[in-house]
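Each chain is listed here by its residues.
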Amino acid sequence: MTDSTERKLFDGTLAIEGMTCASCVARVEKALKKVDGITEAHVNLATETAHFQSDKSVDYPAVIQAVEKAGFGVAQKQLELEIEGMTCASCVARVEKALKIVPEVIDAKVNLATEKATITALASVENSALAKSVEKAGFHIAQPNIELNIDGMTCASCVARVEKALNAVEGVNKATVNLASEKAFVQAPASKTQELIAAVKKAGYSATVATQQQPTMAEKKADEARLLKRDLIIALVLAVPVFILEMGSHMIPAFHHFIAHNLGTQNSWYIQFILTTLVLILPGRRFYQHGIPALARLAPDMNSLVAVGTLSAYSFSCVATFTPQLLPQGTVHVYFEAAAVIVALILLGRFMEAKAKGKTSQAIQYLIGMQPKTARVEQSGTFIDLPISDVETGMLIEIRPGERCPVDGAVVSGNSYIDESMISGEPIPVEKKAGDQVVGGTINQNGALKIQATAVGQDSVLAQIIHMVEQAQGSKLPIQALVDKVTLWFVLVVMALALITFLVWYVVGPEPSLTYALVNAVAVLIIACPCAMGLATPTSIMVGTGRGAELGVLFRKGEALQQLKNTQVVAVDKTGTLTEGKPKLTDFEVTEAFNKDRVFRLLASVEQKSEHPIAYAIVQAAKEMQVQLLEVEQFDSVTGAGIQAVVEGQSIYIGADHLMHKLGLDTQIFSSLAERMGNEGKTPLYVSIDQQLAAIVAVADPIKATTFAAIQALHDLGLKVAMITGDNRHTASAIARQLKIDHVIAEVMPDQKVQSVQQLQKEHGVVCFVGDGINDAPALAQADVGMAIGTGTDVAIEAADVVLMSGNLQMVPTAIALSTATMNNIRQNLFWAFIYNAALIPVAAGVLYPFFGILLSPMFAAGAMALSSVFVVSNALRLKAFKGPVFQES
């Protein structure tokens, strides 16, 4: 029941079910008025709704009960919401309380492990009201990302405008736009999709909802490159004659005389006018279609710069050609070649950029291409080929040698090895037999398998990996915040600088000052395109996260790329991360008074009733030795100490030394043996039979073969390594000595791992935590960067920022090295983009002219601008060659 003391005074609305006539209306109104607090009630048969007023807070369960007692129902719905920001049980209580405060909520249950709230509420409840209440309590409701394809963006200022337009839509939590992938990821209710598309359109761009059926990034860029190539060829064919006629006359005196005597200067200008006009209205029209409307909205972009620059040169040339009397004497010159060649050069740059940007998403295209188009499905006793879209969960599928697994599934029969390198990065094929899981897209090696489909379509591991990588590629790093702030105003500043350049040259420049003013202003407009700034960060993120996916490192959040580089300490969970996670029996010794075989039989018989990993190791050893186990009675656990049972009338206790001391037994006889076991990282346990110490047992969780090299690689990167474990301090220290781990935090309960991470953060700074279990989820969330072993639980993976698809700890230094390489790449790109603009804008404005007589031609400005974007994308593509640390064999 909801907390009525926190209800506010309100008008209430209910959707009533089961009404058929006027008498029904009267009965519902009567029932509502009987509820304490309700003063007025009006029921509408046509809309099947009831409106009531209350002079005090109302207990909705009582309202529902009253309506149901009258023979009708109240429409309710169940909602499941993802809650962000919870770390403990008190968070759960606060979220539940916040949800129940919302008047229409009948009940709310919150699960910390799944981070989800299940809400029973009236049909009239608004998601916005729930979100507002939860946010007031200090948490957030995770909104699903609406993914939009954005067309028409050309530079960083476009990105800023689209983001601003999307974030202005009511109900949007967050919107990020990626220039490289031309996508927008918007956290907002699905019902807002059309509003978002309309907002983008109003900002001067176009948006469509991204779907599986739409062209891939590579296909889209290939189409764009084809269109640009066509326009580029047209522009070059038309612009080259213009360039030759005008610049040839300037550079070669003989050619100038040839044109003047045979063609005539005026006729040459007419020809240039015709050809340039064709350049501007055919291949160049894209700049005016986008640039002029953007300028009219007082939100100029890169297209606006090109449009203003080329139109200025073109308009001045037209006046000089057709009405030269309007111009001051000595200023009658034409710049048709500048307008035509600028368009051709910028199209060349965009063509090269489109081809390069298509390569940035190759990792995603590679993953998408992993899934076969058909599957051999068993139907009526025979196998037929079905399109992959028709395969459903539960179907039986045959996989022949050399084929890719079409879907995720469980092996029903057969034996083979499968190459899982596409998801784990591990080159060694994995053996598969009945009961094992296979992942869609992996390659079957030498045997035939029959599997039962367990996950298809968007539920498959491959689909989730693709989605995860796309989300990371579309994310925005903190480093880009500065870029966004700068580029939002950059174009306006450039246009102001171009105007100042024009005025200064016109007022104080040498004659013909109008000509100098025009040429230098156009050069400023063209050189300052912020394309390179807009591409600097997202292209590196796309290539870096894509390369990570190929290596088996999945960045669920792009921010982890930046944080990983700053890591000071890598904290690791022991079991399942440093070790195999499957303890094995290593030692078993009995006292002189007992028979070894008999004691082991009793030990294994009792342990088979336990679910502890140590028990599993002992029972497995018994199975391998083919020991016949006995009937067990009165089995019980001794909290925090061990287990007890009765077998064939004998009382058995199994546990740590403090359990034996509690029973009054002296373990001194095994002291040297226990010390040796502890030093070797083994966990010693004792067995008592009928109140006598009978045996000591050692179980150890073997360290993974790859762990030693992984720890060494982390040290080589200059990082400290900490181990957080629930094991006893002696065992933990022994393993730490073997692995040369810097810090050991032992005997930690699951709920204390968060405090351990916080302590490391306080002492050392940025902490990366690596874990694989449910009990690691809070620590993964607390750490600056949480890394989950992909072989671990779904909850751990959901709480992590980075997922390592294999259980190989060597992926940790690989991920950190990739982060460093990507961030360095981003900084190189940003340095080039900013320095380029900072250095060349003054040159284009003509600051070198008074000292060296140097001016930057608008044509060279266009070429340099195009090259800057191509440089940035090409530099990002170098990340495709990233190899990661070289590991020493242990």
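Here the structure is a predicted model, which is why all the values come from computation and not from measurement. (Residues numbered from 1 in each chain as written. Predicted model: local features only at pLDDT ≥ 70, side-chain atom pairs only at ≥ 80, totals over all residues. Heavy atoms only, no water.)

A.B. asks: Which parts of the structure should I look at to understand the overall build of the chain?
C.D. replies: Along the chain, the regular secondary structure elements total 32 helices and 34 strands. Expressed as a percentage of its 890 residues, the buried residues of the chain come to 53%. A fraction of 69% describes how many contacts in the chain between residues 6 or more apart in sequence connect residues 24 or more apart. In the form shown here, the chain has an accessible surface area of approximately 39600 Å², with 56% of it arising from carbon and sulfur atoms. (Helix = DSSP H or I, 4+ residues; strand = E, 2+ residues; numbered from the N terminus. Buried < 20%, exposed > 50% of the residue type's maximum accessible area, 1.4 Å probe, protein only. Contact = heavy atoms within 4.5 Å. Areas by Shrake-Rupley, 256 points an atom, 1.4 Å probe, with all protein chains shown as cover.)

A.B. asks: What am I meant to see in the packing of helix H17 (residues 513-527) against helix H30 (residues 811-845) here?
C.D. replies: In helix packing, the relevant descriptors are the interaxial angle and the interaxial distance, both defined with respect to the helix axes. Relative to each other, H17 and H30 sit at 165°, their axes nearing to 8 Å. One finds that H17 runs roughly antiparallel with respect to H30. Handedness of the crossing formed by H17 with H30: right-handed. Each of Asn520, Ala523, Val524 and Ile527 in H17 lies in contact with H30, whose residues at this interface are Tyr836, Asn837, Leu840, Ile841, Ala844 and Ala845. (Axes fitted to C-alpha atoms, helices over the stretch in contact; angles between N-to-C directions. Parallel < 35°, antiparallel > 145°, perpendicular 65-115°, else oblique. Left-handed = near helix turned anticlockwise from the far one by under 90°.)

A.B. asks: Is there a simple way to think about the pattern of salt bridges in this case?
C.D. replies: Pairs can form between side chains of opposite charge once their charged atoms are near each other. In the structure shown here, the tally under the stated rule is 13 salt bridges. Its salt-bridge partner being Asp107, residue Lys109 comes within 2.7 Å of it at the nearest N-O pair. Measuring nitrogen to oxygen at the nearest pair gives 3.0 Å for the salt bridge that ties Asp231 to Arg230. Looking at Asp231, the relative accessible area reads 7%, which means it is buried. Relative accessible area serves as the criterion here: at 44%, Arg230 is assigned to the partly exposed category. By sharing partners, the salt bridges in this structure join Lys100, Asp107 and Lys109 into a single network. (Salt bridge = Lys/Arg side-chain N within 4 Å of Asp/Glu carboxyl O.)

A.B. asks: Help me out: how do you make sense of the sheet that holds strand E12 (residues 206-209) in this one?
C.D. replies: Paired through backbone hydrogen bonds, the strands of a sheet run either parallel or antiparallel to each other. One open sheet accounts for four strands, arranged E10-E11-E9-E12; its pairing is antiparallel. What marks the edges here is a single partner per strand, and that holds for strand E10 (174-178) and E12. This sheet shows a mean twist of 25° between the axes of neighbouring strands, independent of strand direction. The sheet contact formed by strand E9 (residues 145-151) and E12 spans four bridges and is antiparallel. Counterpart to Asn149 in the pairing with E12 is Thr208. Seen against the sheet, helix H5 (residues 156-167) touches E9, E10 and strand E11 (183-187) and runs at an angle of roughly 155° to E10. (Pairing = 2+ DSSP bridges.)

A.B. asks: I keep staring at the nonpolar core and nothing clicks. Help me out?
C.D. replies: For soluble globular proteins, nonpolar side chains are generally found buried alongside one another. Leu148, Leu166, Val186 and Met787 are the most contacted members of the largest nonpolar core, which has 132 residues in total. Here this core takes 15 residues from H30, the largest share from any one element. Apart from the residues within four sequence positions on either side, Leu148 is in contact with Leu166, Glu182, Lys183, Ala184, Val186, Leu196, Ile197, Ala207, Thr208, Val209 and Ala210. Within the second largest apolar cluster, 27 residues are counted, among which are Leu603, Val606, Ile654 and Ala695. (Core = buried A, V, L, I, M, F, W, Y, C linked by side-chain atoms within 4.5 Å.)

A.B. asks: Teacher, can you tell me more about the sheet that holds strand E25 (residues 633-638) here?
C.D. replies: Taken in spatial order, the six strands line up as E24-E29-E28-E27-E26-E25 in an open sheet, and their pairing is antiparallel. Edge strands, defined here as strands with exactly one partner in the open sheet, are strand E24 (584-590) and E25. Strand after strand, the sheet turns through a mean of 20° between neighbouring axes, direction not considered. When strand E27 (residues 650-655) meets strand E28 (residues 683-689), the two strands line up antiparallel, connected through four bridges. Note on E28: the bridge partner recorded for Tyr653 is Ser688. Against the sheet, helix H24 (residues 671-679) touches E24, E28 and strand E29 (692-700), its axis set at about 15° to E29.

A.B. asks: It is not clear to me how the side chain of Asp408 should be interpreted in this structure. Could you clarify?
C.D. replies: Its location among the elements puts Asp408 in strand E16 (residues 408-414). Within the structure, Asp408 has its side chain in polar contact with the backbone nitrogen of Gly440 (distance 2.7 Å). (Polar contact = N/O pair within 3.5 Å; in protein donor to acceptor, adjacent residues only side chain to side chain.)

A.B. asks: Would you mind showing me how to read the pairing of strand E14 (residues 382-387) here?
C.D. replies: On a regular strand, one side chain projects to one face of the sheet and the next to the other, so that they alternate. Here six bridges tie strand E13 (residues 374-379) to E14, and the two strands are oriented antiparallel to one another. Within E14, the residue paired with Thr374 across the bridge is Pro387. Two successive antiparallel strands, E13 and E14, enclose a turn made up of two residues, where Ser380 displays a positive phi of approximately 55°.

A.B. asks: How should I be thinking about the environment of Ala713 in this particular structure?
C.D. replies: Its location among the elements puts Ala713 in helix H25 (residues 707-716). Judged by relative accessible area, Ala713 falls into the buried class, the value being 8%. It is 9.2 Å that separates the C-alpha atoms of Ala713 and Val812, two residues lying 99 residues apart in sequence. Those residues in contact with Ala713, other than ones at most four positions away along the chain, are Pro813 and Phe887.

A.B. asks: Can you walk me through the packing of aromatic side chains in this structure?
C.D. replies: Aromatic ring pairs are described here by two measures, namely the spacing of the ring centres and the angle between the planes. Under the defined criterion, the tally for this structure stands at 13 aromatic pairs. On the numbers, 5.4 Å between centres and 65° between planes, the contact of Trp505 with Tyr849 is edge-to-face. With Trp505 in helix H16 (residues 480-508) and Tyr849 in helix H31 (residues 849-852), this pair connects stretches of sequence that are 344 residues apart. We classify Trp505 as buried; its relative accessible area is 8%. (Phe/Tyr/Trp six-rings, centres within 6.5 Å; stacked < 30°, edge-to-face > 60°.)

A.B. asks: Would you mind going over the pairing of strand E5 (residues 76-84) with me for this structure?
C.D. replies: Alignment of E5 against strand E7 (residues 116-122), held across seven bridges, turns out to be antiparallel. Looking at the pairing, Glu80 lines up with Thr118 of E7. Relative to strand E8 (residues 140-142), E5 runs antiparallel, the two being bridged by three bridges. Residue pairing for E8: Glu84 is matched across the bridge by His140.

A.B. asks: Honestly, a nonpolar patch on the surface in this entry has me stumped. Any pointers?
C.D. replies: On the surface, Trp489, Leu492, Val493, Leu497, Ile500, Val504, Tyr506, Val507 and Val508 cluster together into a nonpolar patch covering about 860 Å² of accessible area. Relative to the helices and strands, Val504 resides in helix H16. Of the residues examined, Val504 reaches a relative accessible area of 43% and is grouped as partly exposed. (Patch = residues over 30% accessible without salt bridge, like charges linked within 9 Å, V, L, I, M, F, W, Y side chains within 5 Å.)

A.B. asks: Would you explain the UniProt feature "transmembrane region" (unreviewed entry) in the chain in this entry?
C.D. replies: According to UniProt, the feature "transmembrane region" (unreviewed entry) maps to residues 232-255, 267-284, 305-327, 333-352, 486-508, 514-537, 830-852 and 858-877 in the numbering used here. Along residues 267-284 the backbone is 83% helical and 0% strand, and the end-to-end C-alpha distance reaches 24 Å. This span, residues 830-852, is 87% helix and 0% strand, and a straight line between its end C-alpha atoms measures 29 Å. (UniProt positions renumbered as here; feature names shortened; annotations may be inferred.)

A.B. asks: Could you clarify how one ought to interpret the packing of H25 against H30 in this entry?
C.D. replies: H30 packs onto H25 with a crossing angle of 30° between their chain directions and a minimal axis gap of 8 Å. Accordingly, the angle class assigned to the pair H25 and H30 is roughly parallel. Mapping the contact onto sequence places Ala710, Ala713 and Leu714 in H25 and Val812, Pro813 and Ile816 in H30. When grouped by side-chain class, the residues that make up the contact of H25 with H30 number six nonpolar, no polar and no charged. (Nonpolar A, V, L, I, M, F, W, Y, C, P; charged D, E, K, R; others polar.)

A.B. asks: What is the right way to read the environment of Lys77 from this model?
C.D. replies: With respect to the helices and strands, the residue Lys77 is situated in strand E5. The exposure class assigned to Lys77 is partly exposed, which follows from its relative accessible area of 30%. For the pair Lys77 and Ile106, spaced 29 residues apart in sequence, the C-alpha to C-alpha distance is 9.9 Å. If sequence neighbours within four positions are ignored, Lys77 has contacts with Ile119, Thr120, Ala121, Leu122, Ala123 and Val125.

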